[in-house]
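# Working through the structure, step by step
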Amino acid sequence: MLTFDFVLLHVANPPASAAFYSDLLGKSAIDSTPGFAMLPLSDAVVLGLWLASEADPAATGKPGASEISFNVADVPELEKLHACWVAKGLRIVVEPVEMPFGHTFVALDPDGHRIRVVASIRR
């Protein structure tokens, strides 16, 4: 049986990306070197940040080709988080909007990776 426990992003500067995500998520890095950094996304999933120029095999995708996503409890919490991220200076590429899967917005990290926040529709 497979267990999902790791998301890996190729980045230009792992320590800087770790600082960005630590500030954004309120979680400290558990490992940080010039070539690799890591921090928890949840109790079960870790975010790895690997120096793109050292990725093996070499990275061929571009930032923005995929997303990481976080759920929040409801639309007011989503709106509050959106305002907080705007105040922090994050680039917002999709303003809060209703979509088939819930109310959502999308921001970019310093490397251009998409970060989606969703207040999911409960079915």
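Please refer to the structure higher up on the page.
Scope of this entry: the structure provided in the associated data block. (Residues numbered from 1 in each chain as written. Predicted model: local features only at pLDDT ≥ 70, side-chain atom pairs only at ≥ 80, totals over all residues. Heavy atoms only, no water.)

## Examining the packing of aromatic side chains
In plain terms, the rule: The pairing test for Phe, Tyr and Trp rings, Trp by its six-membered ring, is centres within 6.5 Å, and the orientation test on the planes gives stacked under 30 degrees, edge-to-face over 60, and tilted for anything in between. Secondary structure counts use DSSP, requiring at least four H or I residues in a row for a helix and at least two E residues in a row for a strand, with both numbered from the N terminus. Partly exposed describes any residue whose relative accessible area lies between the buried limit of under 20% and the exposed limit of over 50%, with all areas from a 1.4 Å probe on protein chains only and scaled to the type maximum.
Taken as a whole and assessed by the stated rule, the structure comprises two aromatic pairs. Between the aromatic rings of Trp85 and Phe105, the centroid separation amounts to 5.5 Å while the plane-to-plane angle is 80°, which identifies the pairing as edge-to-face. Of the two residues, Trp85 is situated in helix H2 (residues 75-87) and Phe105 in strand S7 (residues 102-108); the sequence distance between them amounts to 20 residues. Comparing Trp85 with Phe105 shows no difference in burial state: the two are buried.

## As for the pattern of salt bridges
What counts is decided by this rule: Between Lys or Arg on one side and Asp or Glu on the other, a salt bridge is scored when a side-chain nitrogen of the former is within 4 Å of a carboxyl oxygen of the latter.
Counted by the stated rule, this structure contains three salt bridges. For Lys88, the salt bridge goes to Asp23, with nearest N and O atoms at 3.0 Å. In this pair, Lys88 sits in the loop between H2 and strand S6 (91-99) while Asp23 sits in helix H1 (residues 14-25), placing the two residues 65 residues apart along the sequence. The shortest N-O distance in the salt bridge between Arg114 and Glu67 comes to 3.4 Å. Residue Arg114 is located in strand S8 (residues 114-120), and its partner Glu67 is located in strand S5 (residues 67-71); the two are separated by 47 residues in the primary sequence. The structure contains a network of salt bridges with shared partners spanning Glu67, Arg114 and Arg116.

Structural measurements only, silent on function.
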